[in-house]
Amino acid sequence: MRDSGMLGQLVRFGIAGGISTLIYLAVYLPLIFWVLDRVHAVYAVPPAFAVAVTAGYFLHSRWSFKDQGSRDPGPAQKVKFVAIQASGVALNALVTWVGTALLGFPGWVPVLPAVGLATIITFLLNRYLVFN
């Protein structure tokens, strides 16, 4: 029996997100270690994000939300997906900045709340706005 409920979607979303993160790192890390110097490491973010979000779209549309709503063959669904993923990155950065710059925590402290919050919010936005 296939689980098309929200819990099943959330589990698949988490696994697909983990795969997307590994894809991101597979692009980002070689660029920062062998191509760019430390002060230009931020230039590795756009190509890594582009590759990861492309893979993420296919993973989420065909697996995470496979039984959810309809598939729009046009660009609108893809644009919404990219915008939501970008908002997740921005939220992650905001939580990290608040935790480190404002509250003075070490850099590793805000990782769990940042990733957790971004995952829950992007899941809900994807479920109700992209794959509805």
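These numbers come from a predicted model, not from an experiment. By convention here, each chain's residues receive numbers from 1 onward along its written sequence. The predicted origin of the model limits local features to residues at a pLDDT of at least 70 and limits the giving and counting of side-chain atom pairs to 80 or more, whereas totals for whole chains, interfaces and linings rest on all residues. The side-chain figures draw on all heavy atoms in the structure; neither hydrogens nor water molecules are used.

A. Looking closely at helix α4 (residues 111-130). Note on classification: 1.4 Å probe, protein chains only; a residue is buried when its accessible area is under 20% of the maximum for its type, exposed when over 50%, partly exposed between these limits. The way it works is that DSSP assigns letters per residue, a run of H or I at least four long becomes a helix, a run of E at least two long becomes a strand, and they are numbered from the N terminus. Here α4 has its buried residues at Ala114, Ala118, Thr122, Phe123, Asn126, Arg127 and Val130. Buried residues of α4, viewed axially, fall in a sector of 170°; they line one side. In this description, contact between two residues means that some pair of their heavy atoms is separated by no more than 4.5 Å. Looking at the buried positions of α4, the neighbouring elements they touch are α1 (6-35) and α3 (75-102). What the arc describes is the spread of directions from the helix axis to the C-beta atoms.

B. Molecular detail of the packing of α1 against helix α2 (residues 45-64). Remark: α1 packs on α2, axes separated minimally by 8 Å, with the N-to-C direction vectors making an angle of 155°. Compared by their axis directions, α1 and α2 come out roughly antiparallel. Crossing of α1 against α2: the hand is right-handed. Residue polarity is assigned by list, with Asp, Glu, Lys and Arg as charged and Ala, Val, Leu, Ile, Met, Phe, Trp, Tyr, Cys and Pro as nonpolar; anything else, Gly included, falls into the polar class. Its residues assigned to classes, the contact of α1 with α2 comprises 18 nonpolar, six polar and one charged. Throughout, an axis means a line fitted to C-alpha atoms (over the contacting stretch in the case of helices), and angles, computed between N-to-C directions, take values from 0 to 180 degrees. For this classification, under 35 degrees means roughly parallel, over 145 means roughly antiparallel, 65 to 115 means roughly perpendicular, and everything else is oblique. Take the far helix as your reference; a near helix turned counterclockwise from it by less than a right angle gives a left-handed crossing, and one turned clockwise gives a right-handed crossing.

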